[in-house]
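Architecture at a glance
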Amino acid sequence: MDKLAIVGGVRLAGEIPVSGAKNAALPILCAALLTEEPLEVENVPHLRDVDTLLALLARMGVAIEREGPTVRLQAKRIVSPEAPYELVKTMRASILVLGPLVARCHEAVVSLPGGCAIGARPVDQHIKGLQALGATVRVEHGYIHATTPGLRGARLVPDLVTVTGTENLLMAACLAEGTTVIENAAREPEVSDLARCLVAMGADIDGIGTDTLRVRGVSRLHGARYRVMPDRIETGTYLCAAAITGGGIRLTRADPGSLEAVLAKLAEAGCRIETGPDWVVLQAPARLRAVDVRTAPYPGFPTDMQAQFMALDTVAEGSGVIRETIFENRFMHAVELQRLGADIRIDGNTAVVTGVARLDGAAVMATDLRASAGLVVAALKAEGETIIERIYHLDRGYERIEEKLGALGAQVRRIR
Ligand code: UD1
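Residues numbered from 1 in each chain as written. Predicted model: local features only at pLDDT ≥ 70, side-chain atom pairs only at ≥ 80, totals over all residues. Heavy atoms only, no water.

**A closer look at the overall build of the chain**
- Across its full length, the chain carries 14 helices and 24 strands.
- Based on the C-alpha atoms only, the size of the chain along its principal axes is roughly 65 × 45 × 40 Å.
- Within the chain, the proportion of its 416 residues that are buried is 57%.
- Across the chain, every contact between residues at least 6 apart in sequence was considered, and the portion connecting residues at least 24 apart equals 72%.
- For the chain, the accessible area works out to roughly 15900 Å², and carbon and sulfur atoms hold 47% of it.
- Each charge class in the chain was averaged separately, 46 positive and 50 negative side chains, and the resulting centres sit 1 Å apart. (Helix = DSSP H or I, 4+ residues; strand = E, 2+ residues; numbered from the N terminus. Buried < 20%, exposed > 50% of the residue type's maximum accessible area, 1.4 Å probe, protein only. Contact = heavy atoms within 4.5 Å. Areas by Shrake-Rupley, 256 points an atom, 1.4 Å probe, with all protein chains shown as cover. Lys, Arg positive; Asp, Glu negative; His and termini not counted. Charge placed at Lys NZ, Arg CZ, Asp CG, Glu CD.)

Okay, structure coming up:
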């Protein structure tokens with residue numbers, strides 16, 4: 001299993017481009033299931049999660065051509081509306097095929113995502129919404145079986161804000177008969193990116209970017225060409241990487257507008273931030289100030305940036321309180337950070353991090369995607385070498401990470 005070796009202490013400097021957003025690319029690729037015409041998706045990042053999803057779509061009969069960051073998909077006929085456990089278990093986002101399959105094929109058999117390291121992560125809201133749209137759903141032997149004579153528009157009010165839940169219901173509603181209103185919809189920029197792609201495919205959606213999406217169903221969608229938005233979490237992660245080293249970097253092909261909560265916190269930590277339409281420049285102070293973070297649905301502070309900010313606080317001046325409100329078990333990186341010498345006390349969903357003068361390199365274990373990113377950020381500051389094990393988690397969400405960090409001057413190598 002691949003490991004990453006990082007020698008900390010180098011100030012990061014330079015310029016790198018941001019990749020396409022993983023969490024926007026995944027639902028947009030699934031939208032190809034909604035039409036028999038070709039969907040050409042640009043700026044798709046080269047990531048393990050994308051490979052997994054494309055393998056799943058290919059198994060369903062979708063013709064796929066991939067050329068660099070462009071993927072052309074055509075779902076002329078769906079041969080099997082099924083997502084097996086073997087594929088779904090490695091990536092929870094596979095649940096995103098459920099809505100499109102039910103809408104297009106009137107049936108779907110999709111494995112439950114199963115346990116996940118960061119919490120229970122049920123899909124009850126996806127199921128409840130599809131039932132309200134007229135699907136009959138039973139869960140048997142670990143599989144969701146959904147059938148419908150044809151979906152009908154309805155008013156949907158999920159009990160909580162769910163990103164992939166909103167995306168699944170939005171895709172299903174596009175082909176339902178009549179109007180669907182999704183209240184309490186997730187406002188994450190990736191949901192809006194999917195909605196704009198669906199509009200390019202002929203969907204009729206109002207309220208994009210708000211918590212109320214109104215969809216007037218159409219009988220069919222057509223092909224389109226769509227460019228995936230830049231990855232705001234990748235952007236934020238590299239900004240944190242530079243910040244912890246006291247460095248200065250410029251990220252191009254970025255979307256600073258999708259990252260305001262994160263940029264505000266970096267400024268509060270003492271970084272100088274400048275933004276343009278598609279770039280961000282960060283200049284870090286010699287020592288960061290600790291900041292408090294409370295994760296919340298967009299436009300609040302993203303849970304996917306929580307681990308990276310915990311890493312920043314470990315060496316900052318003062319102490320920071322980190323509250324995780326989205327997932328109940330998303331502090332696994334804290335014990336690994338402690339192995340590097342961090343001072344972190346955890347009480348339920350709250351972590352109190354007191355900055356220490358130095359971290360020391362050690363062997364640590366990546367436990368999930370963003371926890372791994374937090375470890376990378378800390379390793380860049382730790383004295384000596386840190387070996388991060390199980391970086392397949394990192395490969396699920398960060399494109400060419402050692403190359404990009406290397407371009408900024410970091411001493412990083414992959415051990416195969
Ligand atoms: C998406 C992102 C993930 C991010 C998360 C929160 C993708 C592919 N992944 O995950 O990177 O960390 O949003 O911003 O976009 N919940 C239920 N029932 C449901 C659905 C969700 O109880 O049916 C709960 C979850 O357990 C969690 C909370 O709602 O506590 C939010 O989860 P959700 O927004 O659905 O996360 P994902 O869409 O899985």
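**Considering unusual backbone geometry**
- Here the bond from Tyr298 into Pro299 is cis, since omega is 10°, no more than 30 degrees from zero.
- By the secondary structure assignment, Pro299 is in the loop between strand S18 (293-294) and helix H10 (306-314).
- Its identity as a non-glycine residue notwithstanding, His141 has a phi of 50°, on the positive side.
- Looking at the secondary structure, you find His141 in the loop between strand S8 (136-140) and strand S9 (143-147).

**Observations concerning helix H7 (residues 189-200)**
- The terminal C-alpha atoms of H7, which comprises 12 residues, lie 17 Å apart, in line with the 16 Å expected from a rise of 1.5 Å per residue.
- Burial runs high along H7: 9 of the 12 residues are buried.
- Positive phi shows up at Gly202, right after H7, with a value of about 105°. (Expected span 1.5 Å × (residues − 1).)

**A word on the sheet that holds strand S13 (residues 213-216)**
- One open sheet holds the 4 strands; their spatial order is S10-S11-S13-S12, and the pairing between them is mixed. A strand with exactly one partner marks an edge of an open sheet, and here the two such strands are strand S10 (155-156) and strand S12 (204-206).
- Examined bridge by bridge, strand S11 (residues 179-182) and S13 share 4 bridges and lie antiparallel to one another. When the sheet's bridge partners are listed, Ile182 is paired in S13 with Leu213.
- Relative to the sheet, helix H6 (residues 163-174) contacts S10, S11, S12 and S13, its axis offset from that of S13 by approximately 25°. (Pairing = 2+ DSSP bridges. Axes fitted to C-alpha atoms, helices over the stretch in contact; angles between N-to-C directions.)

**As for the site of the ligand**
- As a matter of local geometry, the ligand sits amid 19 residues, with Asp124, Thr162, Thr164, Asp304 and Ile326 nearest to it.
- At a separation of 2.6 Å, an oxygen atom of the ligand approaches a polar side-chain atom of Asp304.
- For the ligand, whose free accessible area comes to 740 Å², the fraction covered by protein is 88%.
- Of all the elements, helix H5 (residues 124-132) adds the most residues to the shell around the ligand, at 3 residues. (Near = heavy atom within 4 Å. Polar contact = N/O pair within 3.5 Å; in protein donor to acceptor, adjacent residues only side chain to side chain.)

**Let's talk about the pattern of salt bridges**
- All chains considered together, the criterion is met by 25 salt bridges.
- Between Arg414 and Asp2 there is a salt bridge; the shortest N-O distance is 2.9 Å. Note that Arg414 is positioned in strand S24 (residues 411-415) and Asp2 in the segment before strand S1 (3-7), a separation of 412 residues in sequence.
- What makes Asp2 partly exposed here is its relative accessible area of 21%.
- The salt bridge involving Asp206 is made with Arg216; its shortest N-O contact spans 3.0 Å. With Asp206 in strand S12 and Arg216 in strand S13, the pair connects residues that are 10 residues apart, well separated along the chain.
- For Asp206, a relative accessible area of 36% translates into the label partly exposed.
- Take Arg216: its relative accessible area is 33%, and that puts it in the partly exposed class.
- Through salt bridges with shared partners, one network takes in Asp2, Asp395, Glu402, Arg414 and Arg416. (Salt bridge = Lys/Arg side-chain N within 4 Å of Asp/Glu carboxyl O.)

**Some thoughts on the packing of H6 against H7**
- For the pair H6 and H7, interaxial distance at closest approach is 10 Å and the crossing angle is 15°. In this view, H6 runs roughly parallel relative to H7, as classed from their interaxial angle. As for the relative orientation of H6 and H7, their crossing is right-handed in sense. Packed against H6, whose contacting residues are Val163, Thr166, Glu167, Leu170, Met171 and Cys174, the element H7 presents Glu190, Val191, Leu194, Ala195 and Leu198 at the interface. (Parallel < 35°, antiparallel > 145°, perpendicular 65-115°, else oblique. Left-handed = near helix turned anticlockwise from the far one by under 90°.)

**Some words on the sheet that holds strand S16 (residues 272-275)**
- Ordered by their spatial adjacency, 4 strands build an open sheet running S2-S15-S17-S16, and the pairing between neighbours is mixed. Looking at which strands have only one partner, the edges of the open sheet turn out to be strand S2 (13-17) and S16. The average angle at which neighbouring strand axes cross in this sheet is 10°, direction not considered.
- Bridge analysis of S16 against strand S17 (residues 279-283) gives 4 bridges, and the strand direction is antiparallel. The partner of Glu274 across the bridge, within S17, is Val281.
- Lying on the sheet, helix H8 (residues 232-244) is in contact with S2, strand S15 (248-252) and S17; it crosses S15 at an angle near 165°.

**A short note on the environment of Pro38**
- For Pro38, the position within the fold is in strand S3 (residues 38-42).
- Setting aside residues no more than four positions away along its own chain, Pro38 makes contact with Arg72, Leu73, Gln74, Gly223 and Ala224.

**Let's talk about the packing of aromatic side chains**
- Evaluation of the coordinates by the stated rule reveals 1 aromatic pair.
- With centroids separated by 5.0 Å and ring planes inclined at 85°, the aromatic side chains of Phe301 and Phe309 adopt a geometry described as edge-to-face. A single burial state applies to Phe301 and to Phe309, both of which are buried. (Phe/Tyr/Trp six-rings, centres within 6.5 Å; stacked < 30°, edge-to-face > 60°.)

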